Every structure is written in C-alpha cells, then in structure tokens.
Amino acid sequence: MTEREREFGLTDFIELLRRRKGVIIGSAIILAIFFTLIALASYPAYESKGSFMFTTQSGSVSMLSVFFTMSGGSTQIFSEIEILRSRSIAEAVIDDCDLKIKIEDFTHGGQISRAFKFVVSDRLRRGLRSLRIDEADFSDSSIDKPFFVIFTDNSGNYRVTGQSGELGTGTLGEPFKSDAISFTVTSMKGPAGTRFKLTPQTDFIALRKFQETLRVAPLGSATRTSLIQVSYRSSDPTLASDVVNSVIREYNKRDREWKSSQSEMQTEEIEERLNQAKEWLEQAEADLEAYKNLYGVISLPDEARLAVGELAQREAMKIDIDLRLNLTNQIYSSLASSLENDTFAVPPSLTADQVIQQLAGEHARLMMELENLLLDYTESHPTVIAKREAIRVVRRNILEALQATIDSLNDQKSQLNRVISGMTDDLYRIPGVERELIDLTRRRDMSDEAFRLLTRRLSEAELVKASIKLGNRIIDYAAPSARPVAPSIKRNLAFGFGLGLILGVFMGFLMEAFEMRIRRRDDLEAVCGMVPVIEVSGDERSISRAVGLIALASMHSENKIVSIVYPGPETGNSRDIIASTAYELANSLSPLILVDCTADTIHAGFFDTELSPGLSEIASGGSFEPSNISGGKIKIVPPGAEPSGAHSANPNVREWVVNLASDSGLTVLNLPNINAEIALRGWSAVTASTVLVVMRHRDSRNAVIRTIESLNEDNVRIHGAILLDE
C-alpha cells in the first residue's frame, strides 16, 4: 500500500488541528458571540405546567362496561392526549385567553436594538414589564397590522397608536374602542414610556402557533396512573399559566358533558325498565295472592319451588342482556349515522374490548393529524383525501368490532332462551303441581329478580353519574413561573462554542483540500516528476541521505557551487538539517563554504555565528573575512546586518562569492523563500545544480511547481528534493 492510499489517521487529524487552530478557535468564538447575542435579543420564555388525573369509571357489572369500563392502558391515555390537543379545545382556549392578538414588549425596539440596550437594561428579561388584555376584537382589515400601546404614567393610563396615527387613550380596566381594534386592559406593569406592540392574527396563524407551543404528555408512568401534564410557554408568565389552566378546564368541561350525556341515557333506560319491572312485580304478586285465596294453596313443593327460582334467575339474566343489547344498539346507530362526518365520536370507554380501545386511540390520532393538515391544505388536496379515507377505514373497523359485540350478545341471548325453554319443560313435568300455580309463581319470582337487578344497576349508574360531576382530579394547577426557561445565555454560549468548533474543524478540512499542500512523499513526487525525493526527519540516517543528495549535486556542478532552494520561508528545523549536512560534507569535501542568502528576514546565524558583517556589507562596498569553524573546514558567510533583495541581486556580491568559492571544495548557497524574493533567482547565474527543500504541511503544490519552473527557466539542474517536517 502506497502512502497515497493509506487512510487519514489520528496523527494526521491532530496535525490538522494544530495547523488550523486559528480557524477553529476563531469560528468557535465568533459563533459563541453570535448565539449569545441571539439569546440577549430573544424574548424570555416562561413555562407553566399543570397536571391532572383523568377519571376511569368502572362498574362491577358487565352492563356498565358498555360505557365506562376502562383498561387504563396506554391506548386510553394517548387518546385523551389527542383530545387535549384537538382543534376544538384549542379554538376555545384561544378565544378565552385572547391569543388572536400577539403581544410583544417593544420598549427597546427590534431585536438588534434590544440586544444592544440589554447592556444597560434587563427589565424585559426579569419580567418587570407586562400587558394583559381581554375582550379583544378587531376588523379583518386590521389583521397583520401592528398597534402600539404606550404607558403614559404609572396610574394605569395609556395611549394607542396605529399605522394611521393616534387612535385614542385608555385606562386600566375600562374598554378601549376604535374602528380598527377594541380591547380591555386587565393588567399592565412597567414605567411610563413602556411600549407594547399588538398584532392581530388570522385564526389560522393563531391556531398553528398555539398547537406548536402547547405540550401534552403522560406524566411519569402515566400509562398506569392516568396522569397527564399540560405545559405552555409564553413571554408573559401569567398568560402561560392561564392558558394551561384554561386547557384543563375546557377538557374537564367537555369530558363531563360527554360522560354525563352517556350516563343520562343509560340511567333513563334503566329507570324505564325498572318502572316496568315494578308494575310487573305488583301485578304478579296480586295475581298469585288471588289464586292462593281462591284455591287455598299456600306454596309449591320444594322441588318445584327450587326449579322456579333457578328459572327466574335465568330470565333476569336475559333481561340484563336485553338491556345491554339495547344500549349497544343505540351506540351503534349513533356512530353509523355519523360515519361520514366529523361528529363521529367514540365514547371514552366503549367496551372492555382491547380492539375497540386501540381503534379509538388510532381514530383520535388520525383526527388530530387531519386537523393539522387542514391548517396547510384544502379538502381537495391528495394528502387530506388519503387521511380522510384512513379515518373512514378506522371508523368502519370500530363499527365492525361493535357489531361483533352485538352478535355476541345475541348469541348469549339465544343460548339463554334455549336453557330457559328446557328448564320450563322440566318444570311442567313435575307431578302433582298445578301448571297455573307454576306460571304465577314463576312470573312473580322473575319480576322480583328483575326488579332487584335493575335497582342495583340504577344505584351503580347514579354512583357513576355522581362521580362524573366531580370531574377529573387536578393534581397541580399551573402557576406563573418566576424564572424564564429560555433563552439561556450559558446554553447558547456553550452551543455556539461547540458548533463553532465543529464548523472550524470542517473548514479546516476544506482548506486542506483546496489549498493542496504537500503532505506526503508521493504528493511531492507527483510534482517533481523524475527528480528523486527523500524524507528528512532529523535522525542520523535521514541526514546522511540529505548529505548524499547534496554531494551528488556537487559532483555535477562545474564550479562546485550548489544551491539549496526553498519554495517558502525556512524554519529552525531546516537550518538544523543544513548545519548537520555542512559538518558531514566538510569532513569529506573540505573545505566548505556555507553562504546564507536570506533576503527578507534576519535569522539566527548558523553555528551561533554573528549575522554581520556579511553579504549586505559586501553590497555596500565593504569587505570582510568569513568566519572559520570546525578547524577551518567550514566558512560561514552570513546575510549581513540589513539583508534585502538588493544585495542578492547585486552582481558584485555574486562575483565575490564566486571568487571565494574558487579556493573551496564546495560552496552551498542557502536560498529560502525564492518565490517571494524574485531577486534570489539571480543566484542561478552562479550555480548549475540545486536541491529543493519542501516543508511538509506548509508548502503548497503550486508554490513547488512555480519554483521548479523558475529553476528550469534558468537552466538550473534539480538533482533531488528533500521533504522536511516543520
């Protein structure tokens, strides 16, 4: 596997972070400041929460389960949640809390000016200014047009302005009326000059914003405890609590009305049957008493009496089934008649059948989704049509499940009729018993059993009816929050800083990709073509390879002058490598002259030599003797006190170096940043052989290409390239 094919590793990633730390940290700081300003410029959001436990009435007898037996499972609670979030309750709460008018504190102006003025005032964040209105009304022409309420003093007086100018003045608690808008201010807090912006909204916008802000969810393990939590956020803490309490009140009201209507229907049915059973019982007792007086009979034999008692119980059970069957048929007829319209309403606990419970929850969910779709689309939209069809399918499934319940009751009734018929035949076959006496006793006992059963059913229905009047149990009423839940400056700061770090790293990768820097050996080989490339990391082996490369270049240089060329600036590592190379070359090709041709910046001298006198002094007409080190094997020619492109381009300087090199075994010219200092190219006239030094991760491919093209134009032969770590 070549270097180009190896994957981007952890070491490469850390190196990228080091090189691009400025971009990464800068983007993190900028985004942190940006998101902090957003937090300062945003309205504070106060959240109020309320919770309640919806009632789950259950009866001990199967007849009551037609309406009130509830499984208490997740299906039921999520059905109630969908009801709480329904459009009908939302519209009632919007009207109750006057949410059709959007109220904003505009004392500090818009968001930008608010962010600036928060430096000197934090009244908005601390909720020291507020405005509440009631009985709001406005014309259609006023929708989306702002009105402003300005407090004129601290005594509850204000004035109202609009786009057309001054609309009038008003007082706290008294109605304000104009052609465009009317309302009553019920609460106002803030000093004189406080300014609120009132914007009337369409029903569509008000409903959407309400449903987006309202949160309804099970509380804890509510699928077992039937606990529901309602929460709402607003810039006004009092409004937030009022909305939550209004939602719970409206839900309780509708829940009581619905359950009461169902309970009333049930109670009326039982009372009617009870009165009929009472008449039957009175008549049966009178007929039996008359028969006994006429024929002097006291009672039936024990065998017949026990058989009549069992038969009376079976007939009472039949009455119970008939009652349940009638009530279920009434529900079925009501649902079937409303199958194609939105009045189709599944009772909260139709039966104990889990299938119907699940279908009821699915129906509530689909109806909620339909309401949300109708906020954006018309009835003719394909998505709405498909949702309507899905609702019809669920409704038909509910009716099928209910029909299955009716069929089951009819089967039970048929089986009971067969049992009663058989028991009657057995009773008539008992010897020595008058058939008329059996019929009278049977009718009396059956009426008595039915009367007692219906009396018990009525008592249970009255108990359920009384519990409905109590409504759902409120666990916690919503109260105004003392501190806002959003925006959080700390959270926004942390979020912005984290997002900035991620974005900075991403930008670092992009910059690496587009800048095309030399990162690997094969990157440099692709640019240099046939020129040999070696990597130098500072160890003895790599230095020896660099020495060999420069020595090879010297062998092909007629005047024994070799240049070391950099596409960009040199570094401390490159100077250390050159110094080590000079020692190695001096030992084999002594003596050696090292000429530092730096033209832009004064660097630390090689081998701790002084920077001057040097080439800049020669360019000024002076002279000096190079420093000798390593026993005279190495001569150092520094750049001088004032290195510049002028001394590098000075032909006298180059002639002086050539003359100096004529007495030496090898002269090495150090030419850093040749692309930036065009004057350095003048040294090409005195050298015919060069070695290219490229800094890994710093020098770009374009810079290396430009350097190679420049050397080729000057007919300078490149004997090799060194890839050096920064």
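Further up the page is the structure itself.
Summary of the structure given here. (Residues numbered from 1 in each chain as written. Predicted model: local features only at pLDDT ≥ 70, side-chain atom pairs only at ≥ 80, totals over all residues. Heavy atoms only, no water.)

**Quick look at the overall build of the protein chain**
Scanning the protein chain from N- to C-terminus turns up 20 helices and 20 strands. For the protein chain, with 726 residues in total, the buried portion stands at 47%. A total accessible area of about 35300 Å² is found for the protein chain, and carbon and sulfur atoms account for 53% of it. (Helix = DSSP H or I, 4+ residues; strand = E, 2+ residues; numbered from the N terminus. Buried < 20%, exposed > 50% of the residue type's maximum accessible area, 1.4 Å probe, protein only. Areas by Shrake-Rupley, 256 points an atom, 1.4 Å probe, with all protein chains shown as cover.)

**Topic: the side chain of Ser689**
In this structure, Ser689 sits in strand E19 (residues 689-695). One polar contact links Ser689 to His719, side chain to side chain, over a distance of 3.0 Å. (Polar contact = N/O pair within 3.5 Å; in protein donor to acceptor, adjacent residues only side chain to side chain.)

**A look at the packing of helix H4 (residues 87-97) against helix H6 (residues 203-213)**
Here H4 crosses H6 at 105°, and the two axes come no closer than 10 Å. When the axis of H4 is compared with that of H6, the two are roughly perpendicular. On H6, the residues touching Arg87, Ala90, Glu91, Val93 and Ile94 of H4 are Ala206, Leu207, Phe210 and Gln211. Along the lines of polarity and charge, the residues of the contact of H4 with H6 split into 6 nonpolar, 1 polar and 2 charged. (Axes fitted to C-alpha atoms, helices over the stretch in contact; angles between N-to-C directions. Parallel < 35°, antiparallel > 145°, perpendicular 65-115°, else oblique. Contact = heavy atoms within 4.5 Å. Nonpolar A, V, L, I, M, F, W, Y, C, P; charged D, E, K, R; others polar.)

**Digging into the pattern of salt bridges**
Across all of its chains, the model carries 27 salt bridges by this definition. With its nearest N and O atoms 3.4 Å apart, the salt bridge here joins Asp448 to Arg452. Here Asp448 pairs with Arg452, and both are found in helix H12 (residues 435-470), just 4 residues apart, close to one helical turn. A relative accessible area of 26% places Asp448 in the partly exposed class. Look at Arg452 and you get partly exposed, because its relative accessible area is 45%. In this structure, Arg521 and Glu525 form a salt bridge, with 3.0 Å as the shortest nitrogen-oxygen distance. One end of the pair, Arg521, and the other, Glu525, are both in helix H14 (residues 521-528), 4 residues apart, so they sit about a helical turn from each other. A residue is classified by how much of its surface remains accessible, and Arg521, at 25% relative accessible area, is partly exposed. Given the relative accessible area of 31%, Glu525 is considered partly exposed. Sharing partners across several salt bridges, the network here consists of Glu362, Arg365, Glu369 and Lys387. (Salt bridge = Lys/Arg side-chain N within 4 Å of Asp/Glu carboxyl O.)

**Things to note about the environment of Asn397**
Relative to the helices and strands, Asn397 resides in helix H11 (residues 382-428). Linking Asn397 and Leu359, residues 38 residues apart in sequence, is a C-alpha distance of 7.5 Å.

**Re the nonpolar core**
Among the nonpolar cores identified, the biggest contains 34 residues, and Leu524, Val595, Cys597, Leu615, Leu669, Trp683 and Leu692 are the most heavily contacted of them. When residues in this core are grouped by element, the largest group, 4 residues, is from helix H19 (residues 651-661). Trp683 has contacts with Cys597, Leu615, Ser648, Val653, Arg654, Val657, Leu669 and Leu671, leaving out every residue within four places of it along the chain. Ile228, Tyr232, Ala240 and Ile248 belong to the second largest nonpolar core, which has 28 residues in total. (Core = buried A, V, L, I, M, F, W, Y, C linked by side-chain atoms within 4.5 Å.)

**A closer look at the sheet that holds strand E8 (residues 181-189)**
The sheet built from 3 strands is open, its strands ordered E3-E8-E7 with antiparallel pairing. Both edges of this open sheet fall to strand E3 (130-138) and strand E7 (175-177), since each of them pairs with a single strand only. Adjacent strand axes in the sheet meet at a mean angle of 25°, parallel and antiparallel pairs treated alike. Where E7 and E8 come together, 3 bridges link them in antiparallel fashion. Within the sheet, the bridge partner assigned to Phe176 lies in E8 and is Phe183. (Pairing = 2+ DSSP bridges.)

**Re the pairing of strand E18 (residues 666-671)**
With 6 of 6 residues buried, E18 is to be regarded as a mostly interior element. On E18, burial covers both faces: Leu666, Val668 and Asn670 on one face and Thr667, Leu669 and Leu671 on the other are all buried. Looking at chain direction, strand E14 (residues 561-565) and E18 are connected through 5 bridges and run parallel. Residue pairing in the sheet places Val565 in a bridge with Leu671 of E18. Note: strand E15 (residues 592-596) against E18, 5 bridges, orientation parallel. Pairing of Ile593 across the sheet is with Thr667, part of E18.

**Re H4**
Within the sequence span of H4, burial applies to Ile89, Ala90, Val93, Ile94 and Cys97. Down the axis of H4, the smallest arc covering the buried residues is 135°, so these residues share one side. Just downstream of H4, Asp98 is the residue with a positive phi angle, here 55°. (Arc of directions from axis to C-beta.)

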